[in-house]
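An overview of the molecular structure
Chain by chain, the residues run as shown.
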Amino acid sequence: MPEQASAFDYIIVGAGSAGCTLANRLSADGRARVLLLEAGGWDRHPFLKLPLAWGKVLLNRMYDWGYDAQPEAGMGGRRIEVARGKVIGGSSSINAMAYVRGNRADYARWASRGLPDWSYEKVLPYFRRQESWEGGASDYRGSTGPLATRKSRYEDPLVDAYMAAAQEMGYALNDDYNGAAQDGFARMQMTVRGGHRESAATAYLHPVLSRKNLTVQVNCLVTRVAINGSRATGVEYVKDGEHRLVTAGREVILCGAINSPQLLMLSGVGDEAELAAHDIAVKTALPGVGKNLQDHLAALLIYGRRDHSPLLHHMRADRLLLALGQGLLAGKGFATELPGGITGFIKTTPDEPIPDIQLLFIAGSLAAKPYLPPFSQPFADSFACRVVLLHPESRGSIRLASADPAAHPLINQGLLSVDRDWRKLSAGIRIFRELAQLPRLAPHVAREIGPGAGVTTESDLEAYVRKTAVTAHHPCGTCRMGPASESASVVDSELRVHGIEGLRVVDASVFPDLVGGNINAPVIMIAERAADFILNAH
């Protein structure tokens, strides 16, 4: 039997974007006892603070659950990585710090599907509440919230040339894609404060760690939600090799886009056939658990660079050490920015109601690494663009590999399984390839490396993309919110799990479908709203 631990009012499973936000909000009045459990450790590593170190953290999977999708024949038989943060702050501690709310039409679409509480008019106040925008308050932006947001300040002639070329090609320059309209090319908005990463942990959790009614425990693997009859009463977890049980007087709240559906199934909430396959007793039959998985697919285009990038200059080892020290100690200098600077939200055809492609521009080489002549030579200078499909129709799933809570779930992404998705992505790739050939960019662009000038037919381009594309790390949809009358829905409009009292899911898995852009800001918005639902209920 697990060791019995003391009771709390609220137990939050997962200290990512949603978990940190909820821990802050639910412990604010000092009366409710809140427990936050995190499978990873504390976010103290200096690389988690410096924006420039993002690539090393991600590629080396330093604070990552280590999930990989199942091999898919339609994606070259590859096991595509599914990066998820396993550290205080979760994925907000390892992401690229992009601040994108999505398109206002995304929330109108949610509202039209039986979720009127999630219209743009209802969610906008929560977006404004969450942020402290460098441009000050407006009808669309907030200036007093916990999360610091600002525009990228990365300086590179190539970035300026691309903005000018996009305008020449007929695209608008958008001063604020999180404002009145999303369309156009813009400086990327970032979650950065004082030159350091602003994660949900630094914004919401660290400032309130001294609250006596808030307990945070790290290195805890939650193995099961304890359910008595039709009510969640606590959770079981493993820490330091010991099995423990802790009870919740009010609610258990699951916060993890991949882990939430897995934990529901381990606890007996899910598809009956799926649970029976692993000899798990059914507490509540919800066939939608683990279904409806979506992510943004990103095709990668790479170009050789004719001029020399600032990244190539600063990655020389002696300069890099100086930049890292300056960034850590003073929050200034080259290490406080990502080598990108701009993004574009575009329509592949004029009749598209909203942008269906996002262009994520990377102004430096993806293979960048420190060098120091004559001991090591510089990397080949280049730049890249990730062409992101914003509203895919393809769907995948998350299933249990076994009843062992430590076993990674089986993630089937189903990428490009719908022909329409390839047509949209292909159109976005063609647009960027045309943009890269404009005369204004000739002083910077040497040649196309990937897919390469030789890849001209649609079939060759598709084969290249299926062998090289990755996701933008925005998994969602596997605990979809919707009315209880819909068999595919898992939670209601207040994120309460259908059929189980005292249990909510608060993370990207509740999205009915993908929003048009990065998802960290929408997840924090959802957590802010959930906190109001919870506090009003108790």
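The following refers to the structure shown. (Residues numbered from 1 in each chain as written. Predicted model: local features only at pLDDT ≥ 70, side-chain atom pairs only at ≥ 80, totals over all residues. Heavy atoms only, no water.)

1. Thoughts on the pattern of salt bridges
For the structure on display, the rule yields 38 salt bridges. A salt bridge links Asp 117 to Lys 122; its shortest N-O distance comes to 3.6 Å. Taking the relative accessible area as the measure of exposure, Asp 117 reaches 23% and is therefore partly exposed. Residue Glu 393 pairs with Arg 420 through a salt bridge whose shortest N-O separation is 3.2 Å. Of this pair, Glu 393 sits in the loop between β21 (382-389) and β22 (397-399) while Arg 420 sits in helix α11 (residues 419-436), and the two are 27 residues apart along the sequence. (Salt bridge = Lys/Arg side-chain N within 4 Å of Asp/Glu carboxyl O. Buried < 20%, exposed > 50% of the residue type's maximum accessible area, 1.4 Å probe, protein only. Helix = DSSP H or I, 4+ residues; strand = E, 2+ residues; numbered from the N terminus.)

2. Some thoughts on the nonpolar core
Membership of the largest hydrophobic core comes to 88 residues, with the highest contact counts inside it found for Leu 22, Trp 118, Val 235, Leu 264, Val 506 and Phe 511. Residue contributions to this core peak at ten residues, all from helix α13 (residues 520-537). Sequence-distant contacts of Val 506, defined by excluding residues within four places in its chain, comprise Ala 18, Leu 22, Ile 253, Leu 254, Cys 255, Leu 495, Ile 526, Ala 527 and Ala 530. Residues Leu 52, Ala 166, Tyr 171 and Tyr 371 belong to the second largest nonpolar core, which totals 56 residues. (Core = buried A, V, L, I, M, F, W, Y, C linked by side-chain atoms within 4.5 Å. Contact = heavy atoms within 4.5 Å.)

3. Remarks on the environment of Glu 242
Residue placement: Glu 242 occurs in strand β15 (residues 242-254). The class of Glu 242 is partly exposed, set by a relative accessible area of 38%. Of note is the side chain of Glu 242, whose polar atom sits 3.4 Å from the side chain of Arg 244. (Polar contact = N/O pair within 3.5 Å; in protein donor to acceptor, adjacent residues only side chain to side chain.)

4. Considering the sheet that holds strand β9 (residues 189-190)
Pairing within the open sheet is mixed, and its three strands lie in the order β6-β7-β9. Looking at the sheet topology across the chains shown, the edges are occupied by β6 (131-133) and β9. In this sheet, strand β7 (residues 147-151) lies alongside β6 in parallel orientation, the contact comprising three bridges. What sits directly across from Trp 133, in β7, is Thr 149. On top of the sheet, helix α4 (residues 120-130) reaches β6 and β7; it is set at about 70 degrees to β6, its chief contact. (Pairing = 2+ DSSP bridges. Axes fitted to C-alpha atoms, helices over the stretch in contact; angles between N-to-C directions.)

5. Examining the pairing of strand β14 (residues 231-239)
Judged from the seven bridges that link them, strand β13 (residues 221-228) and β14 form a sheet pairing that is antiparallel. Within β14, the position partnered with Val 222 by the bridge is Tyr 237. With antiparallel pairing between neighbouring strands as the criterion, β13 and β14 make up a hairpin whose turn holds two residues, including Gly 229 at a positive phi of roughly 70 degrees. With six bridges joining them, β14 and β15 adopt antiparallel strand pairing. When the bridges of β15 are listed, Val 235 appears paired with Val 246. As consecutive antiparallel partners, β14 and β15 are separated by two residues, and within that stretch Asp 240 has a phi angle of approximately 55 degrees, a positive value.

6. Thoughts on helix α1 (residues 17-26)
Counting buried positions over the ten residues of α1 gives ten, a clear majority of the element. Of all the positions in α1, only Ser 17, Ala 18, Gly 19, Cys 20, Thr 21, Leu 22, Ala 23, Asn 24, Arg 25 and Leu 26 are classed as buried.

7. As for the side chain of Ser 365
Note that Ser 365 resides in the loop between β20 (357-362) and β21. Of note is the side chain of Ser 365, whose polar atom sits 3.0 Å from the backbone nitrogen of Ala 367. Beyond its immediate chain neighbours, meaning those up to four positions away, Ser 365 contacts Leu 311, Phe 379, Ala 380 and Ser 382.

8. A closer look at the packing of aromatic side chains
Enumeration according to the criterion identifies 15 aromatic pairs in this entry. Where Trp 110 meets Phe 511, the ring centres are 5.3 Å apart and the plane angle is 55 degrees; that geometry is what we call tilted. Separated by 401 residues along the polypeptide, Trp 110 in helix α3 (residues 104-112) and Phe 511 in the loop between β26 (503-505) and α13 bring together distant segments of the chain. Each of the two residues, Trp 110 as well as Phe 511, counts as buried. With a centroid separation of 6.1 Å and 85 degrees between ring planes, the pair formed by Tyr 371 and Phe 379 is classed as edge-to-face. Pair check on accessibility: Tyr 371 and Phe 379 agree, each one buried. An aromatic cluster is present here, built from Tyr 162, Tyr 303, Phe 361, Phe 383 and Phe 432 joined pairwise through their rings. Positioned over the ring face of Trp 65 is Lys 86, at 4.7 Å from the centre of the ring. (Phe/Tyr/Trp six-rings, centres within 6.5 Å; stacked < 30°, edge-to-face > 60°. Lys NZ or Arg CZ within 6 Å of the ring centre and 35° of its normal.)

The values are spatial; any link to function lies outside them.
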